Amino acid sequence: MTETLPESTISIHLSGMALILPASLVVLSVAILLAVLFLKKKKTPSKGPSDWSIPTLDKHADRDSFFHNWNPAVKVAALLLYCFLVVSLKTLVCSAAALMISILAVYSSRLPWRRSLQRLAAMSGFLIMFLLVLPFTSREQPGEILLIFPLLPGFPFHLNGFLLALTIVVKACAIALLMEPMLATSSLSATLHGFSRIGIPSPIIQMILLSHRYIFVFHQELLRMLRSMRVRGFTARTDILTMKTMGNFFGMLFINSYDRTQKVYEAMLCRGYRGNFPAFHTLEINGKDLAKGGMWIMIGFILLFIELMPSFPSP
Amino acid sequence: MHLADNGYHGYGPAAGELLFQVEGLSFVYPDGNQALADIAFSIGKGDRLALVGKNGSGKSTLVKLLNGLLPLQKGSIRYRGRETGPSFQPVPRQETGILFQDPENHLFCNTVFENVAFGPMNQGCSRDEVEELVRGCLETVGLEKLMYKPAHLLSYGQKKRAALASILAMKPEVLILDEPTANLDPRQERILQELLAGFPGTLIIIDHDLLFLYDICDRAIVLADGRVHHDFSIRELVSSQDSLKEHGLDFTFRFACCGGRHENTPIVPHHHHHLSHDHGRNGVHVPAVAREPILELQHFSYQYPDGTTGVSDINLAVYPGETLAIVGENGAGKSTIAKCLLGLNQGDGYFYYKGEKMDRRRRQILWRQVGMVFQNTADQLFCPSCREEVAFGPQQMKLPAIEIEKRIEEALHRVQLEGYESRIPLNMSGGERKRLAIAAALSMHPEILLLDEPTASLDPESQELLLEILKKLDMTKIIITHDMYFIRDLSDRTIVMHQGKVIRDYPTPDFLADRHVQAVNGLDYTYKNNCLEKIMDLQHNHLHHGG
């Protein structure tokens, strides 16, 4: 069943039973999606509409944990640097270790798992595509194991491609999981103040702050307009009338948003706005904050260092 | 009658320091619309000024010029004797705080604390001062316990008070309020009134509600077509019915019936419940009356996705041809029940339309029979012309073009908007937009018309016209409102909601006489009725004794 090809790749021709591998991937993906849907449904009261409301980012910022008691500026700087170090990892083992660290971080931050899982669910489609496409499209390498499926002889499954996809997925999950401890353990304005301390330009910070505030208003406006269209009999079809209606709808949303922007700006001017938001928080950095930051950066470097050790198996 | 045409007699500012001296002020918008033309008046320190006039008369433009939000084009504004404008000192914006109509525009920071702290921090106050100011202002408006709550989670009334606190925290010399009572229930209105009565500085209030302004303001400037038509004492304004009529401010239609004293309304014997509480074999209530309701909710409850109770155990029947008013304080569940009656909120319990059980799949049938007019017309009107707006519903019903044309003509005629076919809804006045929204619903030939706060933000003239139109509509009507005068003039039956439950269901005259219910759920109109009586006496004296 196994033969060595002249190009020194190893091809394994699989029988029907060996379809289990890709099938299991598909099943796993579907299971993740179903789990996410189940979690969503469990929270929704019976017969009520689905809760598509936008959650507040800093809803749990008033709790008490390792991350909550950390100065946001140092926290943002240290965790961002740590994330860059995780991105530079090349092996599955170290990436898996980073994922474990992220899971521990979420656990210790005392934040609800649901929010972190929702983050993973949001990027799951993209990651699943990686897992499904990369094994079939990566370049052949010497000594690589190829799995040949009975019905797909022209599309060998590259094990190296699969490992690469898996490493990317694991790293992405590790970083996505860290976002909750990083962003949801301080009030948004404190976190953004932290971002400004590490050099993010003030206009960007203000745009994020205002976007976060008005996304809720905009979302409500959008829902109200859609609702009023529906009660007047609107059903989206694939016809000119629907396209015209949607054009009017988006046009009116744009006009309303523009109008609101003008009014908000006027209200800001009336209250002394001169291009900058005042800093509502005093962020004093103490030794403990720096020690926490140093620890995270060190963990990142240790993972990187382990990979560089000659005895460590290369990817 | 214009100032320049005479007949004008200036009331002028109270004796003392002059804050604003406006001379020859004109303003033209880039689209050529002349908002103000040759305005002249003065405002003294401590004045309590009502700025009134029809929608589009230039009130908002004027206050934006006073605050320096709009640039001076022609004329002059002196503040404390100093010339202001681009070549001079800027208008001191932070000394003239404006509270805009929509509180969402003021609450641009994340939490209530940050919103209130924004102004004082920009004024350069120290952190300790800011902390103290924020706490003080939030205590004044009764929101100290919500200091760290995200702004988007506040109720409308709370948002309004938080916005006011954010202005008060800057300790403005002049407080300008644009339609402060819009969408507030009587209790919230009363709270706001007390807060404003205690404000020590100069007040400028734009509002259509003269009953609200009557006790707060001592002076009224009437604007029409961008010009000052009268500068009265507020007593003079309200006592002159001719002036009120001339400027679309005549609210006396509100007490055309019953002499304005609702105690005089006859009480009709009634049953409090429309249904017996006997259950049939299927567990559903057995109707106690022979008439079949057109819409019916039985033991109906609805929870919002976040777990908040919207309405709880509602038993309500709506009969063909009747006009039902739904009243209650802000947050009582009135709009929620309207959405339940439209099938938009699918809750637990029984919901029937003409005896047929309604569910998610069958609510399309309902939407053809129930025309909904939402509180904010901006949510409903999205087409580029009135014709398209009215045609939208019939087009979705796939009616023939000739029928659609017929319905457009008919619906616009019913709301007195003939000739408006090609007008852009966005450029129309609030009253016209509200009537257009009604026309859009009527074009679907509904059996029931459901109106959510139809009078909110309308000037008295538009309200009177709307009342006249609604009276002529021969169909089942459900009206959600705080406006007692609309309830009295339009509805046969009133249900009172409180904390998501129907606490009373009785004929409207009984509701009007039920002061206890009005008081317990924040619908106490006693104060407004007293104002009405005073104003009626003033008008009577003015008419019979020449002032």
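Structural data are supplied above this passage.
Remember, predicted model here, so these are calculated numbers, not experimental data.

## Side note on unusual backbone geometry
All names here are of chain B.
Moving on, step 1. Although it is not a glycine, Lys354 sits at a positive phi angle of roughly 50°.
Moving on, step 2. As for its position among the elements, Lys354 is in the loop between strand E16 (348-353) and strand E17 (356-357).
Moving on, step 3. Here the phi dihedral of Gln499 falls at roughly 50°; this positive angle occurs in a residue that is not glycine.
Moving on, step 4. Inspection of the secondary structure puts Gln499 in the loop between strand E21 (493-498) and strand E22 (501-507).

## Some points on the interface of chain A and chain B
Moving on, step 1. Each partner contributes to the interface: chain A provides 57 residues, whereas chain B provides 62 residues.
Moving on, step 2. Note on chain A versus chain B: buried area summed over both sides is about 5,500 Å², and carbon and sulfur give 54% of it.
Moving on, step 3. Of all residues in chain A, the largest losses of buried area upon contact with chain B belong to Arg213(A), Arg232(A) and Arg271(A), amounting jointly to 19% of the total for that side.
Moving on, step 4. One can count seven salt bridges joining chain A with chain B.
Moving on, step 5. Measuring nitrogen to oxygen at the nearest pair gives 3.5 Å for the salt bridge that ties Lys244(A) to Glu388(B).
Moving on, step 6. For the side of chain A that touches chain B, the secondary structure elements donating two or more residues are helix H6 (188-197), helix H7 (202-231) and helix H8 (240-270) of chain A.
Moving on, step 7. Residue contributions to the side of chain A that touches chain B peak at 16 residues, all from H8(A).

## So, the sheet that holds strand E2 (residues 34-44) of chain B
All names here are of chain B.
Moving on, step 1. As summarised here, the arrangement of the four strands in space is E2-E1-E4-E5, forming an open sheet in which the pairing is antiparallel. Unpaired on one side and paired on the other, E2 and strand E5 (82-83) mark the two borders of the sheet.
Moving on, step 2. Two strands pair when backbone bridges link them, and strand E1 (residues 18-28) and E2 are joined in this way by seven bridges, in the antiparallel orientation. Across the sheet, residue Gln21 finds its bridge partner in E2, namely Ser42.

## Side note on the pattern of salt bridges
Moving on, step 1. A complete count under the given rule lists 30 salt bridges over all chains for this structure.
Moving on, step 2. Residue Lys64(B) pairs with Glu266(A) through a salt bridge whose shortest N-O separation is 3.2 Å. With Lys64(B) in helix H1 (residues 59-67) and Glu266(A) in helix H8, the pair connects residues from two separate chains.
Moving on, step 3. The class of Glu266(A) is buried, set by a relative accessible area of 14%.
Moving on, step 4. Put simply, Arg135(B) and Glu131(B) hold a salt bridge, and the shortest N to O gap is 3.0 Å. Residue Arg135(B) and its partner Glu131(B) are located together in helix H3 (residues 127-140), separated by four residues, close to a single helical turn.
Moving on, step 5. Since its relative accessible area comes to 36%, Arg135(B) is described here as partly exposed.
Moving on, step 6. The network of salt bridges with shared partners includes Arg115(A), Arg119(A) and Glu180(A).

## Things to note about the packing of helix H4 (residues 113-137) of chain A against helix H5 (residues 159-183) of chain A
All names here are of chain A.
Moving on, step 1. Contact geometry for H4 and H5: axes closest at 9 Å, N-to-C directions at 165°. Taken together, the axes of H4 and H5 lie roughly antiparallel to each other. The crossing of H4 and H5 is right-handed.

Criteria and cut-off values
- Residues numbered from 1 in each chain as written.
- Chains lettered and ligands numbered in written order.
- Predicted model: local features only at pLDDT ≥ 70, side-chain atom pairs only at ≥ 80, totals over all residues.
- Heavy atoms only, no water.
- Helix = DSSP H or I, 4+ residues; strand = E, 2+ residues; numbered from the N terminus.
- Contact = heavy atoms within 4.5 Å.
- Buried area = accessible area lost by both parts, 1.4 Å probe.
- Salt bridge = Lys/Arg side-chain N within 4 Å of Asp/Glu carboxyl O.
- Pairing = 2+ DSSP bridges.
- Buried < 20%, exposed > 50% of the residue type's maximum accessible area, 1.4 Å probe, protein only.
- Axes fitted to C-alpha atoms, helices over the stretch in contact; angles between N-to-C directions.
- Parallel < 35°, antiparallel > 145°, perpendicular 65-115°, else oblique.
- Left-handed = near helix turned anticlockwise from the far one by under 90°.

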